[in-house]
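One-letter residues, chain by chain:
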Amino acid sequence: MVPFETHAPRDPQPALAHFAERRARVAATLGEGALVLYGGELRTRSNDTEFRFRPDSDFHYLTGLREPGAVMVLRGGATPQFVLFVRPRDAEAEVWSGRRVGPEGAVARFGADAAHPLGELAEHLPKLLDGVPEVHVPLGRWRALELAVQRAIDHLRRRNRWGETPPDVLRDARTTIGEDRLVKDPAALAALRRAVDISTEAHLAAMRATRPGVFEYQIEALLEYEFRRRGAEGSAYGSIVGGGDNATILHYVDNDAQLRDGQLLLVDAGAEVDLFAADITRTTPVGGRFSLAQRELYDIVLRANRAGIAGAVVGGDIDSIHRTCLRILCEGLAGLGLITGDLDEALKNEAYKRYYMHRTSHWLGADVHDAGYYTLARKPRPLQPGYVLTVEPGLYIPADDETAPPELRGCGIRIEDDVLVHAEGPEVLTWRVPKTIDDIEAVMAGA
Ligand code: GLY
Ligand code: MN
Ligand code: MN
């Protein structure tokens, strides 16, 4: 039997029109300015072997190009110009380390108005930046790129007597592109939906495979197998598979413990598709049934998750969602006797922080913690249609907390959904991943 027959393969020649649309949108915000981006380079894993290349999100968002060692220049103005610098074709090197698009391919396949070998960047950059009042470049990200821009500016300054004009403002390109990335376009949403669909199947498989005796890494392997075999690039971030008190470590990635009956298992894992990330957390009982105490704790987090999602509306904001969740979590903690005294006081003095120490939401997109400002002029940014955010409240009871009921010590619960804001209200993209106690127990029992 071929285990892959039901899954459409990834399109080896993906449509590129949406990258041109993105460039047109971003170019329109540049005025007469120019944008210069770098796609990044191979990174060493050990000695002479490298990690698989993953381009810089901003660079890929505007080009669709996945090769290391590429620079793009986008000039604004009445007729925007898109220029790529790429590694030259090299028959011998390509035998060893893979095909290169080359300058000709950059024009023919990636829609560049002009393309040159990367080695000619220093020669062409001054011409491309001549007369441009400001340059948008990711500040502090790529030293070599900033240096190349700086040298081009110096060159133009020296040539000013001959009529050349250097830019004299540098802007952070991450701000420029972050604004565009915040509102997901149709191609971004299609990729996100597919990342969520694949992650949904992976979480279902993980729930079905969870039982006492299994190792966390076996669940991790299953998740990543499902991601890859269904056509995702892989994991969007290091999968967190934490049983028992490992679930109380927020960025637990060791994933090397054996699961025991009576524990809860927290799985935070999401696939990356077309360089867009899903980000999903579910918490399930290793033995298939939640205990009474675990139900009580789970129910608090689920209520917070639902109330947080209800706040993901136009004009709402991430701060209000966080406060809504905090109130519910605090009421729950008070009910369990884990915080005492006045609720408003507990919220103010952050008594909950021992059990809930992270924020409730972040933007989601090409990066799992996506681009775009959260705060504008010191005020939380109002949500708009097309924004995608996570809602991920949790409660983490330290194993050594003697004030907690013994059966809850070392329990970590998080419920994380991905939510798209529409004018009509929130759409929970991750709705198919079971999250009620009944639904989780049914899936684990073989439903
Ligand atoms: N998985 C990272 C996060 O939930 O933010
Ligand atoms: Mn998240
Ligand atoms: Mn997560």
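In the block above lies the structure referred to throughout.
First things first, this report covers the structure right here in the doc. It should be emphasised that the depicted structure is a prediction, and the values quoted were computed from it without experimental measurement.

## Description of the overall build of the protein
Here's step 1: The helix and strand inventory of the protein stands at 13 helices and 21 strands.
Here's step 2: Overall, the protein is about 80 × 60 × 45 Å in size when its C-alpha atoms are taken along their principal axes.
Here's step 3: Of all 447 residues assigned to the protein, the portion counted as buried reaches 53%.
Here's step 4: Expressed as a percentage of contacts within the protein between residues at least 6 apart in sequence, the contacts between residues at least 24 apart total 70%.

## Focus: the nonpolar core
Here's step 1: Judged by nonpolar contacts, the single largest core of 56 residues is most densely connected at Leu35, Leu84, Ile219 and Leu223.
Here's step 2: No other element matches helix α8 (residues 186-209), which puts 10 residues into this core.
Here's step 3: Of all hydrophobic cores here, the second largest spans 43 residues; its members include Ile280, Tyr298, Cys330 and Ala404.

## With respect to the site of ligand 1
Here's step 1: Lining the immediate environment of ligand 1, one finds Tyr237, Asp268, Asp279, His362, His369, Glu392 and Glu416.
Here's step 2: Take Glu416: an N or O atom from its side chain is 3.2 Å from an oxygen atom of ligand 1.
Here's step 3: Out of a free accessible area of 190 Å², ligand 1 has 86% covered by protein chains.
Here's step 4: Class assignment of the residues belonging to the shell around ligand 1 gives a composition of one nonpolar, two polar and four charged.

## A short note on the sheet that holds strand β11 (residues 264-269)
Each strand in a sheet pairs with another by means of backbone hydrogen bonds, the pair being arranged parallel or else antiparallel.
Here's step 1: Strand order in this open sheet of three strands is β10-β11-β14, and the pairing throughout is antiparallel. Of all the strands in the sheet, the pair left with one neighbour each is β10 (240-243) and β14 (280-285). In this sheet, neighbouring strand axes are inclined to one another by 10 degrees on average, regardless of whether the strands run parallel or antiparallel.
Here's step 2: Set on the sheet, α8 makes contact with β11 and β14; between it and β14 the angle comes to about 15 degrees.
Here's step 3: Seen against the sheet, helix α9 (residues 216-229) touches β10 and β11 and runs at an angle of roughly 150 degrees to β10.

## A short note on the coordination of the manganese ion (ligand 2)
Reference geometry at the metal: tetrahedral coordination by four donors gives ideal angles of 109.5 degrees; octahedral coordination by six donors gives 90 or 180 degrees.
Here's step 1: Taken together, Asp279 (OD), His362 (NE2), Glu392 (OE) and Glu416 (OE) make up the full set of protein donors to the manganese ion (ligand 2), lying 2.0 to 2.2 Å away.
Here's step 2: Each of the six donor atoms around the manganese ion (ligand 2) contributes to a set of angles spanning 51 to 153 degrees, which defines the coordination as irregular.
Here's step 3: For the pair the manganese ion (ligand 2) and the manganese ion (ligand 3), the metal-to-metal distance amounts to 3.3 Å, and Asp279 bridges them. With Asp279 in the loop between β13 (276-277) and β14 and Glu392 in the loop between β17 (388-391) and β18 (394-396), this residue pair connects regions lying 113 residues apart in the sequence.
Here's step 4: With relative accessibility at 3%, the residue Asp279 sits in the buried group.
Here's step 5: A residue is classified by how much of its surface remains accessible, and Glu392, at 8% relative accessible area, is buried.

## What to know about the sheet that holds strand β5 (residues 81-86)
Here's step 1: Read across the open sheet, the six strands follow the order β6-β5-β4-β1-β7-β8; overall the sheet is mixed. The open sheet terminates on both sides in strands that have one partner only, identified here as β6 (114-117) and β8 (169-172). Shown here is a sheet whose adjacent strand axes are inclined to one another by a mean of 20 degrees, direction ignored.
Here's step 2: Here strand β4 (residues 71-75) pairs with β5 via five bridges, running antiparallel. Across the sheet, residue Met72 finds its bridge partner in β5, namely Leu84.
Here's step 3: Helix α1 (residues 17-29) contacts β1 (34-38), β4 and β5 of the sheet and is inclined by roughly 55 degrees relative to β4.
Here's step 4: Sitting on the sheet, helix α7 (residues 173-182) touches β1, β7 (134-137) and β8, and the angle it makes with β8 is about 45 degrees.

## Let's talk about the coordination of the manganese ion (ligand 3)
Here's step 1: The coordination sphere of the manganese ion (ligand 3), as far as protein atoms go, consists of Asp268 (OD), Asp268 (OD), Asp279 (OD) and Glu416 (OE), spread over 2.1 to 2.3 Å.
Here's step 2: Each of the six donor atoms bound to the manganese ion (ligand 3) contributes to angles spanning 57 to 171 degrees, and the resulting shape is irregular.
Here's step 3: Sequence spacing among the residues donating to the manganese ion (ligand 3) works out to D-x10-D-x136-E.

## Structural notes on helix α6 (residues 143-158)
Think of an α-helix as turning once every 3.6 residues; residues three or four places apart then point the same way.
Here's step 1: Between its terminal C-alpha atoms α6 stretches 22 Å, which fits the 22 Å expected from 16 residues at 1.5 Å a residue.
Here's step 2: All buried positions along α6 are accounted for by Leu145, Val149, Ala152, Ile153 and Leu156. Projected down its long axis, α6 carries its buried residues within an arc of 100 degrees, all on one side. Within α6, the exposed residues directed more than 90 degrees away from the buried face are Arg143, Ala144, Arg151 and Arg158.
Here's step 3: Structurally, α6 contributes buried residues whose contacts are with β1, β4, α5 (121-129), β7 and β8.

## Some thoughts on the packing of helix α10 (residues 292-310) against helix α11 (residues 318-335)
Here's step 1: For the pair α10 and α11, interaxial distance at closest approach is 9 Å and the crossing angle is 160 degrees. Between α10 and α11, the crossing angle belongs to the class labelled roughly antiparallel. Like other packed secondary-structure pairs, α10 and α11 cross with a definite hand, here right-handed. Residues Ile300, Val301, Arg303, Ala304, Ala307 and Gly308 of α10 pack against Ile321, Thr324, Cys325, Ile328, Leu329 and Gly332 of α11.
Here's step 2: When the residues that make up the contact of α10 with α11 are grouped by side-chain class, the tally is eight nonpolar, three polar and one charged.

## Overview of the side chain of Glu216
Here's step 1: Positionally, Glu216 belongs in helix α9.
Here's step 2: Salt bridges are absent for the buried Glu216, whose nearest opposite-charge side chain, Arg260, sits at 8.7 Å.
Here's step 3: Polar contacts involving the side chain of Glu216 include one to the main-chain amide nitrogen of Asp256, which spans 3.1 Å.

What counts, and where the lines are drawn
- Residues numbered from 1 in each chain as written.
- Chains lettered and ligands numbered in written order.
- Predicted model: local features only at pLDDT ≥ 70, side-chain atom pairs only at ≥ 80, totals over all residues.
- Heavy atoms only, no water.
- Helix = DSSP H or I, 4+ residues; strand = E, 2+ residues; numbered from the N terminus.
- Buried < 20%, exposed > 50% of the residue type's maximum accessible area, 1.4 Å probe, protein only.
- Contact = heavy atoms within 4.5 Å.
- Core = buried A, V, L, I, M, F, W, Y, C linked by side-chain atoms within 4.5 Å.
- Near = heavy atom within 4 Å.
- Polar contact = N/O pair within 3.5 Å; in protein donor to acceptor, adjacent residues only side chain to side chain.
- Areas by Shrake-Rupley, 256 points an atom, 1.4 Å probe, with all protein chains shown as cover.
- Nonpolar A, V, L, I, M, F, W, Y, C, P; charged D, E, K, R; others polar.
- Pairing = 2+ DSSP bridges.
- Axes fitted to C-alpha atoms, helices over the stretch in contact; angles between N-to-C directions.
- Donors = N, O, S within 2.8 Å, 3.2 Å for Na, K, Ca; no water.
- Tetrahedral: all angles 85-135°; square planar, octahedral: opposite > 155°, others 65-115°.
- Expected span 1.5 Å × (residues − 1).
- Arc of directions from axis to C-beta.
- Parallel < 35°, antiparallel > 145°, perpendicular 65-115°, else oblique.
- Left-handed = near helix turned anticlockwise from the far one by under 90°.
- Lys, Arg positive; Asp, Glu negative; His and termini not counted.
- Salt bridge = Lys/Arg side-chain N within 4 Å of Asp/Glu carboxyl O.

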